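Here's the letter readout for the chains.
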Amino acid sequence: MQKLVLTGMLAALLFLSACVLYGKPGGEKSGKDLFAQNCSGCHPDGGNILNPRKTLHGKDLEANNIKTPRDIVKKMRNPGPDPTHPQDWAGMRMFDEKAISDDDALKIANYILETFK
Ligand code: HEC
(Lines give C-alpha, C1' and ligand atoms only; values in the text may rest on other atoms or scores of the structure.)
Protein backbone atom coordinates (compact mmCIF):
# COMPACT_ATOMS: atom_id res chain seq x y z
CA MET A 1 0.00 0.00 0.00
CA GLN A 2 2.73 2.43 0.96
CA LYS A 3 4.47 1.67 -2.29
CA LEU A 4 1.38 2.68 -4.22
CA VAL A 5 1.16 6.02 -2.47
CA LEU A 6 4.83 6.63 -3.11
CA THR A 7 4.47 5.82 -6.80
CA GLY A 8 1.51 8.14 -7.01
CA MET A 9 3.45 10.96 -5.45
CA LEU A 10 6.37 10.37 -7.74
CA ALA A 11 4.12 10.46 -10.78
CA ALA A 12 2.58 13.72 -9.61
CA LEU A 13 6.01 15.22 -9.06
CA LEU A 14 7.15 14.18 -12.51
CA PHE A 15 4.05 15.66 -14.05
CA LEU A 16 4.56 18.97 -12.26
CA SER A 17 8.19 19.29 -13.24
CA ALA A 18 7.32 18.49 -16.84
CA CYS A 19 4.84 21.37 -16.76
CA VAL A 20 7.48 23.73 -15.47
CA LEU A 21 10.11 22.56 -17.92
CA TYR A 22 7.98 22.65 -21.01
CA GLY A 23 6.39 25.97 -20.23
CA LYS A 24 3.02 27.50 -20.62
CA PRO A 25 0.23 26.01 -22.62
CA GLY A 26 0.31 27.37 -26.13
CA GLY A 27 4.07 27.45 -25.93
CA GLU A 28 6.32 30.45 -26.22
CA LYS A 29 8.31 30.71 -29.38
CA SER A 30 11.97 31.58 -29.54
CA GLY A 31 13.37 34.38 -31.67
CA LYS A 32 14.69 31.73 -33.99
CA ASP A 33 11.26 30.15 -34.48
CA LEU A 34 9.60 33.52 -34.96
CA PHE A 35 12.21 34.56 -37.49
CA ALA A 36 11.78 31.32 -39.41
CA GLN A 37 8.04 31.80 -39.40
CA ASN A 38 7.83 35.49 -40.35
CA CYS A 39 11.05 36.67 -41.94
CA SER A 40 13.08 33.87 -43.45
CA GLY A 41 10.98 33.80 -46.62
CA CYS A 42 12.60 37.04 -47.74
CA HIS A 43 15.64 36.90 -45.48
CA PRO A 44 16.93 33.33 -45.77
CA ASP A 45 20.10 32.97 -43.69
CA GLY A 46 19.92 36.68 -42.97
CA GLY A 47 20.11 37.57 -46.66
CA ASN A 48 17.59 39.55 -48.66
CA ILE A 49 16.10 38.06 -51.80
CA LEU A 50 14.52 41.35 -52.87
CA ASN A 51 17.29 43.78 -52.12
CA PRO A 52 20.75 42.23 -51.83
CA ARG A 53 22.15 45.50 -50.49
CA LYS A 54 19.91 45.31 -47.44
CA THR A 55 20.68 42.02 -45.78
CA LEU A 56 20.50 41.43 -42.04
CA HIS A 57 24.25 41.13 -41.70
CA GLY A 58 26.04 43.60 -39.48
CA LYS A 59 27.78 45.49 -42.28
CA ASP A 60 24.54 46.29 -44.14
CA LEU A 61 22.58 47.04 -40.99
CA GLU A 62 25.22 49.48 -39.89
CA ALA A 63 25.38 51.13 -43.30
CA ASN A 64 21.63 51.67 -43.03
CA ASN A 65 21.89 52.97 -39.49
CA ILE A 66 20.24 49.97 -37.85
CA LYS A 67 22.20 49.32 -34.69
CA THR A 68 19.98 48.26 -31.81
CA PRO A 69 17.14 45.75 -31.35
CA ARG A 70 14.79 48.76 -31.24
CA ASP A 71 15.97 49.86 -34.69
CA ILE A 72 15.05 46.44 -36.07
CA VAL A 73 11.63 46.54 -34.40
CA LYS A 74 11.12 49.97 -35.96
CA LYS A 75 11.86 48.49 -39.38
CA MET A 76 9.26 45.76 -38.77
CA ARG A 77 6.63 48.26 -37.69
CA ASN A 78 7.36 50.64 -40.51
CA PRO A 79 9.43 49.22 -43.37
CA GLY A 80 8.90 52.50 -45.13
CA PRO A 81 8.78 53.52 -48.74
CA ASP A 82 11.85 53.36 -50.89
CA PRO A 83 12.28 56.43 -53.09
CA THR A 84 14.42 54.46 -55.52
CA HIS A 85 11.74 51.86 -56.08
CA PRO A 86 9.44 52.50 -59.06
CA GLN A 87 6.32 51.85 -57.01
CA ASP A 88 7.67 53.70 -54.03
CA TRP A 89 7.46 50.50 -52.03
CA ALA A 90 10.46 48.92 -50.42
CA GLY A 91 9.05 45.43 -50.67
CA MET A 92 9.11 44.45 -47.04
CA ARG A 93 5.93 43.39 -45.36
CA MET A 94 4.73 45.50 -42.43
CA PHE A 95 4.33 43.77 -39.07
CA ASP A 96 2.13 45.63 -36.59
CA GLU A 97 1.62 44.66 -32.96
CA LYS A 98 -1.21 42.34 -33.87
CA ALA A 99 1.02 40.39 -36.21
CA ILE A 100 4.01 40.33 -33.83
CA SER A 101 3.87 41.56 -30.22
CA ASP A 102 6.56 43.91 -28.90
CA ASP A 103 8.05 41.08 -26.85
CA ASP A 104 8.26 38.78 -29.84
CA ALA A 105 9.57 41.56 -32.06
CA LEU A 106 12.43 42.14 -29.62
CA LYS A 107 13.14 38.42 -29.50
CA ILE A 108 13.45 38.39 -33.30
CA ALA A 109 15.64 41.51 -33.24
CA ASN A 110 18.01 40.01 -30.68
CA TYR A 111 18.15 36.78 -32.63
CA ILE A 112 19.12 38.71 -35.78
CA LEU A 113 21.85 40.69 -34.04
CA GLU A 114 23.27 37.57 -32.40
CA THR A 115 23.04 35.30 -35.41
CA PHE A 116 23.89 37.26 -38.53
CA LYS A 117 27.06 39.17 -37.88
C1 HEC B 1 8.09 40.20 -48.25
C2 HEC B 1 9.50 40.12 -48.00
C3 HEC B 1 10.02 40.45 -46.62
C4 HEC B 1 9.65 39.92 -45.41
C5 HEC B 1 8.60 38.87 -45.14
C6 HEC B 1 10.50 40.53 -44.42
N7 HEC B 1 11.35 41.42 -45.00
FE8 HEC B 1 12.73 42.57 -44.07
N9 HEC B 1 13.21 43.46 -45.81
C10 HEC B 1 12.63 43.18 -47.03
C11 HEC B 1 13.10 44.14 -48.02
C12 HEC B 1 12.70 44.20 -49.48
C13 HEC B 1 13.97 45.01 -47.33
C14 HEC B 1 14.68 46.26 -47.87
C15 HEC B 1 13.75 47.40 -47.52
C16 HEC B 1 14.32 48.75 -47.79
O17 HEC B 1 14.61 49.05 -48.95
O18 HEC B 1 14.46 49.52 -46.84
C19 HEC B 1 14.03 44.54 -45.96
C20 HEC B 1 14.81 45.12 -44.99
C21 HEC B 1 14.89 44.70 -43.68
C22 HEC B 1 15.77 45.25 -42.70
C23 HEC B 1 16.80 46.34 -42.94
C24 HEC B 1 18.05 45.70 -43.52
C25 HEC B 1 19.12 46.67 -43.92
O26 HEC B 1 20.29 46.21 -44.10
O27 HEC B 1 18.84 47.86 -44.03
C28 HEC B 1 15.52 44.60 -41.54
C29 HEC B 1 16.19 44.83 -40.20
C30 HEC B 1 14.48 43.63 -41.81
N31 HEC B 1 14.13 43.70 -43.13
C32 HEC B 1 13.96 42.79 -40.87
C33 HEC B 1 12.90 41.92 -41.13
C34 HEC B 1 12.29 41.11 -40.12
C35 HEC B 1 12.70 41.09 -38.66
C36 HEC B 1 11.30 40.41 -40.72
C37 HEC B 1 10.31 39.44 -40.07
C38 HEC B 1 9.59 39.93 -38.92
C39 HEC B 1 11.31 40.76 -42.12
N40 HEC B 1 12.30 41.67 -42.32
C41 HEC B 1 10.45 40.23 -43.07
C42 HEC B 1 11.75 42.15 -47.31
C43 HEC B 1 11.09 41.40 -46.34
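Scroll up to find the structure this text is about.
Residues numbered from 1 in each chain as written. Predicted model: local features only at pLDDT ≥ 70, side-chain atom pairs only at ≥ 80, totals over all residues. Heavy atoms only, no water.

Undergrad: Mind showing me how you'd approach the coordination of the iron atom of the ligand here?
TA: Around a metal, the idealised angle for a tetrahedral arrangement of four donor atoms is 109.5 degrees; for an octahedral arrangement of six donor atoms it is 90 or 180 degrees. Each protein donor to the iron atom of the ligand is listed here as His-43 (NE2) and Met-92 (SD); together their distances run 2.0 to 2.2 Å. Around the iron atom of the ligand sit six donor atoms, and with donor-metal-donor angles ranging over 85 to 179 degrees the site reads as octahedral. A residue pair is termed long-range when its members are at least 10 positions apart, and His-43 in the loop between α2 (31-38) and α3 (58-63) and Met-92 in the loop between α4 (69-77) and α5 (102-115) qualify at 49 residues. Taking relative accessible area as the criterion, Met-92 reaches 24% and is therefore assigned partly exposed. (Donors = N, O, S within 2.8 Å, 3.2 Å for Na, K, Ca; no water. Tetrahedral: all angles 85-135°; square planar, octahedral: opposite > 155°, others 65-115°. Helix = DSSP H or I, 4+ residues; strand = E, 2+ residues; numbered from the N terminus. Buried < 20%, exposed > 50% of the residue type's maximum accessible area, 1.4 Å probe, protein only.)

Undergrad: Is there a simple way to think about the environment of Arg-53 in this case?
TA: Along the polypeptide, Arg-53 turns up in the loop between α2 and α3. Each C-alpha atom of the pair Arg-53 and Asn-64 lies 9.7 Å from the other, and the pair is eleven residues apart in sequence. With sequence-adjacent residues up to four places away left out, Arg-53 is seen in contact with Asp-60 and Asn-64. (Contact = heavy atoms within 4.5 Å.)

Undergrad: Before we go on, may I ask you to explain the site of the ligand in this structure?
TA: Around the ligand, the structure places 24 residues, and the nearest of them are Cys-39, Cys-42, His-43, Lys-75 and Met-92. For the ligand, a nitrogen atom lies 2.7 Å from a polar atom in the side chain of His-43. The contact in question runs from an oxygen atom of the ligand to an N or O atom on the side chain of Lys-54, over 2.9 Å. Every element with two or more residues in the shell around the ligand is listed here: α3, α4 and α5. (Near = heavy atom within 4 Å. Polar contact = N/O pair within 3.5 Å; in protein donor to acceptor, adjacent residues only side chain to side chain.)

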